[in-house]
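Single-letter residue listing:
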Amino acid sequence: ISSKFDSLIQRWMLHHPPVDLTVQIASIREALIALVVEALPTSSVHPYGSAVEGTALGTSDVDFTICVDESDPALRKALDCDLRGRPFQDQVLRHLRSATASSGGLLAAVDLVLGSGTPVMRLEEKDIGVGVDLTVNGHEVLRKTELIGRYTQHPAIRDLTRLVKAWAKSQQLYGYHRHHLTGFGYVLMVIDFLQTRYRVPILSVKCQDDIDLAGTTLTTLFVEFCSHFSALAQSGEPWSVCITGTPRAGSIGGVMSVEDPIEEDVDLGAAHLTAQTSEKLFGAMRQVVAAAQNGSDPFA
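Quick look at the structure, then.

### With respect to the overall build of the protein chain
Link 1 in the chain: The number of helices and strands found in the protein chain is 11 helices and 7 strands.
Link 2 in the chain: Taken over the C-alpha trace, the protein chain has a radius of gyration of 21 Å; the compact-globule value for 300 residues is 19 Å, and the two agree within 12%.
Link 3 in the chain: For the protein chain, the proportion of its 300 residues judged to be buried stands at 50%.
Link 4 in the chain: Long-range contacts, defined as pairs at least 24 residues apart, comprise 62% of the intrachain contacts of the protein chain with a sequence gap of at least 6.
Link 5 in the chain: Of the accessible surface of the protein chain, which amounts to about 14100 Å², a share of 51% is contributed by carbon and sulfur atoms.
Link 6 in the chain: A gap of 3 Å separates the mean positions of the 25 positive and 35 negative side-chain charges of the protein chain.

### Section: the sheet that holds strand β1 (residues 44-48)
Link 1 in the chain: Ordered by their spatial adjacency, 5 strands build an open sheet running β1-β2-β5-β4-β3, and the pairing between neighbours is mixed. Looking at the sheet topology across the chains shown, the edges are occupied by β1 and β3 (107-113). Strand-to-strand twist in this sheet, taken as the mean axis angle between neighbours without regard to direction, amounts to 30°.
Link 2 in the chain: Seen against the sheet, helix α5 (residues 85-103) touches β2 (62-67), β3, β4 (120-125) and β5 (131-136) and runs at an angle of roughly 150° to β3.

### Things to note about the pattern of salt bridges
Link 1 in the chain: Evaluated as defined, the whole model comprises 7 salt bridges.
Link 2 in the chain: For K144, the salt bridge is made with D260, and the minimal N-O distance between the two is 2.7 Å. Residue K144 is located in helix α6 (residues 139-152), and its partner D260 is located in the loop between β7 (257-258) and α10 (268-272); the two are separated by 116 residues in the primary sequence.
Link 3 in the chain: Residue classification places K144 among the buried residues on the basis of a relative accessible area of 10%.
Link 4 in the chain: Each of the salt bridges in this network shares a partner with another, and the network as a whole consists of K144, D260 and E263.

About the criteria used
Residues numbered from 1 in each chain as written. Predicted model: local features only at pLDDT ≥ 70, side-chain atom pairs only at ≥ 80, totals over all residues. Heavy atoms only, no water. Helix = DSSP H or I, 4+ residues; strand = E, 2+ residues; numbered from the N terminus. Rg over C-alpha atoms; globule rule 2.2 N^0.38 Å. Buried < 20%, exposed > 50% of the residue type's maximum accessible area, 1.4 Å probe, protein only. Contact = heavy atoms within 4.5 Å. Areas by Shrake-Rupley, 256 points an atom, 1.4 Å probe, with all protein chains shown as cover. Lys, Arg positive; Asp, Glu negative; His and termini not counted. Charge placed at Lys NZ, Arg CZ, Asp CG, Glu CD. Pairing = 2+ DSSP bridges. Axes fitted to C-alpha atoms, helices over the stretch in contact; angles between N-to-C directions. Salt bridge = Lys/Arg side-chain N within 4 Å of Asp/Glu carboxyl O.

Distances and angles like these do not, on their own, reveal function.
Next comes the structure, spelled out in structure tokens:
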């Protein structure tokens, strides 16, 4: 690895320190509770995702889910509906959009997306413009955040995830709407890589001492991360990103497999990637490995 390349990575880290959204999360949660306490008195509000896990970038939204009991008669009466499942979630978000519009509080409703895989209401925190994505009954995402949070307690895992996400965004390799992975998929790749190359334990307890990456620089981890997956892609053997230790499948038709550790029937790669976008990702990784030798900017 050239010293020039290492300096570029260190400069990026210096100018992009970890984002602490603790105050914003507490403020937004309080505003959401104020919104739902009257209409949905038995509900609870929970943050999740990168802002909680410590891997958020400066452009990251804050994710929340509202957990409600669909069978609660009082709630169903308040919503004036007899729906369950996805239609029930849609109705809850419609109700909250109306409540947000009339509240005049900290949050402003921006969009209501009911045709997506998961219905979501997008809001904006008015003071500093933080984006907020709100879902209903995201029990699985809360479990995923708890799991990922066990790993991202370690600074090296947290920093490598942030670096990989920022690099992917700079190369237009980020976002389901473009048939690429988002933050959850990339953090799974980081953990899978470290389990394979550095013996990071599976489902480690909440203790940093379980993970030993002492003496390994972030630059080295980033280059080895890109080298690891680009080599797997060229191996011709079936493989998958799997952090549970028991892979269920493998890459099919050139599409990278990224297994969801909580929802066993979900493969993020099969759901969102194509053979073309998978190869674009691996090609960009090969360019990083080359850049590490010649000292060029991996974000260019």
